Amino acid sequence: MNRWYQSALLGVMLFFCTLSLIAQEGGAPPAEDRNTQLARSNPDYLVTAGDVYTLAYNANGAPVTYMITVDSSYRIRISNLGIINAAGRTFRQLKADAETIVSNNYPLSGVQLVLTQPGVFRVFVKGEVQTATEISTWALARLSSLTGHMTAYASIRDITIKSSNGQVRNYDLFKADRLGDLSQNPYLRPDDEITFNRLERRVTINGSVERPGGYQILPGENLKDVIETYGNGFTPLADKTRMELVRYLGSDSISGDRMLLKESDVDANYILRNYDVITIPSIADTRPVATVDRLERRITVEGAVRRPGTYDLLPNENLRDLIETYGDGFIPLADPSRIEIVRYVNSNATSGDKIAIGEAEIAANYPLENYDSIFIPTIVSLRPVFFIEGAIKNTNENVTGPSASFREVVSFNSGETYSFVVRRNARWFTAESDTANAYIERGSERIPINLNRILYDANFRSEVLIEENDLLIIPFRQYFVTVAGAVAVPGRYPYIPDRNWEYYVSLAGGFIPERNASARVEIQDFNGKTLKKTDLISPETTITAATNHWLYYFNQIAPVVTTLLSIGSTVLSIILITQR
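The model shown is predicted, which means the values in this text are computed figures rather than measured ones.

Enquirer: Break down the sheet that holds strand 2 (residues 62–69) for me, citing the residues and quoting the values.
Expert: Here three strands make up an open sheet; going across it, the order is 2-1-5 and the pairing antiparallel. The open sheet terminates on both sides in strands that have one partner only, identified here as strand 2 and strand 5 (112–117). Taken over all neighbouring pairs, the strand axes of this sheet differ in orientation by 20 degrees on average, direction set aside. Against the sheet, helix 3 (residues 91–105) touches strand 1 (52–59) and strand 5, its axis set at about 140 degrees to strand 5.

Enquirer: Give me the lowdown on the nonpolar core, citing residues and values where you can.
Expert: Within the largest apolar cluster, 41 residues are counted, with the highest numbers of intra-cluster contacts made by Y45, Y53, L146 and I194. At the level of secondary structure, the elements contributing two or more residues to this core comprise strand 1, strand 3 (75–78), helix 3, strand 5, strand 6 (120–127), strand 7 (133–138), strand 8 (154–162) and strand 10 (193–198). Those residues in contact with I194, other than ones at most four positions away along the chain, are V123, F124, V125, K126, L143, L146, I159, T160, I161 and L188. The next biggest cluster of nonpolar side chains, apart from the first, holds 21 residues, and it includes F406, V422, A438 and I449.

Enquirer: So what about the sheet that holds strand 28 (residues 521–524)? Which residues, and what values?
Expert: Here five strands make up an open sheet; going across it, the order is 27-26-30-28-29 and the pairing mixed. Here the strands that pair on one side only, and so sit at the sheet edges, are strand 27 (491–494) and strand 29 (530–531). Note: strand 28 against strand 30 (residues 542–545), four bridges, orientation antiparallel. Bridge pairing in strand 30 links V521 to A545.

Enquirer: Residues and numbers for helix 2 (residues 34–41), please.
Expert: Burial in helix 2 covers these residues: T36, A39 and R40. Across the axial projection of helix 2, the buried residues extend over an arc of 100 degrees, all falling on one side.

Enquirer: Could you give an account of the pattern of salt bridges, naming the residues involved and the relevant values?
Expert: Using the criterion set out here, one finds 20 salt bridges in the structure. Close ionic contact of E389 with R407 constitutes a salt bridge, the shortest N to O distance being 2.5 Å. One end of the pair, E389, is in strand 21 (residues 385–390); the other, R407, is in strand 22 (residues 406–411), with 18 residues separating them in the sequence. Look at the salt bridges and you will find they share partners, linking R442, E467 and D470 into a network.

Enquirer: So what about the environment of L319? Which residues, and what values?
Expert: With respect to the element layout, L319 can be found in helix 7 (residues 319–326). Along the primary structure L319 and A364 are separated by 45 residues, whereas in three dimensions their C-alpha atoms are 8.5 Å apart. In this view, L319 contacts I357, E361, I362, N365, Y366, L368 and I374; residues no more than four positions away in its chain are not counted.

Each value, and the rule that gives it
- Residues numbered from 1 in each chain as written.
- Predicted model: local features only at pLDDT ≥ 70, side-chain atom pairs only at ≥ 80, totals over all residues.
- Heavy atoms only, no water.
- Pairing = 2+ DSSP bridges.
- Helix = DSSP H or I, 4+ residues; strand = E, 2+ residues; numbered from the N terminus.
- Axes fitted to C-alpha atoms, helices over the stretch in contact; angles between N-to-C directions.
- Contact = heavy atoms within 4.5 Å.
- Core = buried A, V, L, I, M, F, W, Y, C linked by side-chain atoms within 4.5 Å.
- Buried < 20%, exposed > 50% of the residue type's maximum accessible area, 1.4 Å probe, protein only.
- Arc of directions from axis to C-beta.
- Salt bridge = Lys/Arg side-chain N within 4 Å of Asp/Glu carboxyl O.

Below, the structure is given as structure tokens:
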């Protein structure tokens, strides 16, 4: 066998092995296979009893594929080529060892070892847990995954794990959570025995520290450690002269004993007891109270100012102050000659009184009343408008529909043509827009305009000028569906989106029972493609109600034919008998 043939055969074998794995795993991993994908990509994954691996290679031109299951001895046989002791080895190490053994025996074999299913094992939890029990887990689950079984008296600072080989170690999950020390949050292994020991002291620190909360502290740790290590230090506003400690254990009062702490107590690392609560107040708590006058006037300014909004005005502040100070001045397009004020106070109308003012009133700092609403228009609002109506997109609701007609108000500049405005607003048009047959209504005059040339011919220039109050009408493009065959009224019927074939057959009067007893239809789209009954019906689809098969008609007359033949046979028998 030459080298080219071996290489080709190897490529084909690897291709089909890959297809097989994809078929087994379904392309993108489903939820139940995420652990498998994670184990393959994690360099820390340890070979675990119960793991299932797939080994594939080419042995002298013959593809070899078989499953390897790891048992509790961790001795893995690689075909008949060797045995690997996988205890304590990662998947990557096992993969390298196995592929080396096969490659040494079969060069260019394309060997590949794949983790097919990670093992599942059980660990035993006891101590301060809800129930001492065995729990199913896997090799990338960490100790922290078991904290949901703890009681309120379990310590996260003192957790004991006894491994299957008898080795005993203690772990501190606080260091893992706060410091990111993952050595304190180890991976679980088969037959681990986890003991959650009872906590010794839990203290709470509130107030002006960076990390307030409840903490389990270790022997020898006290006030200074709680503030600086657990609480991460004082905040800039901490008042160190008024620190308090409430002690419940050993107190004769149900509310606990309250003690004042000083900075010297922090330096001396004051000894704490279980359930002590430390409060660090803020210097902001002792600031004097300022008297605020009652609100006199709340005014709203809208429109062409830089900062529109609602503001509380001071005494003697009025229109000019509102616009220049609170509203931060006019925007460049503001029209100060047409300002409107709506005044609600002392108005006889529920909608308020409308007052028109201009630049003279601004210069005079026109007096304002509580709840006045000021609107400043723009010069753009004076631009002329025209209307477009019909089969256009509703830009406000971002929807279209062949059964709905919308109207848009469009501003334009004097001298603009329809070609300029239509090209600028091509988003108006949808698949239902009959742009070739658009027209303009200008008073009693009707002006046809073919928008297709404007939209699709870059060299075309329309000389039709827009005039104020023009109405541009965009008709709907009408679609049909053809219904033929054994229906009551064959013909073409208007297309309605999202309707199935039964809708159009019913429009055609339904099936003719004598010609179509089985409700069989043949559906073809505009391009001649045959559709299934469950497919969506598109415009210009043809639905043909099939005529009954000839056996149907035969079954209709078969009883009559049988009866006639029986009668004929009987008569013939009688004639033969009488002739004898």
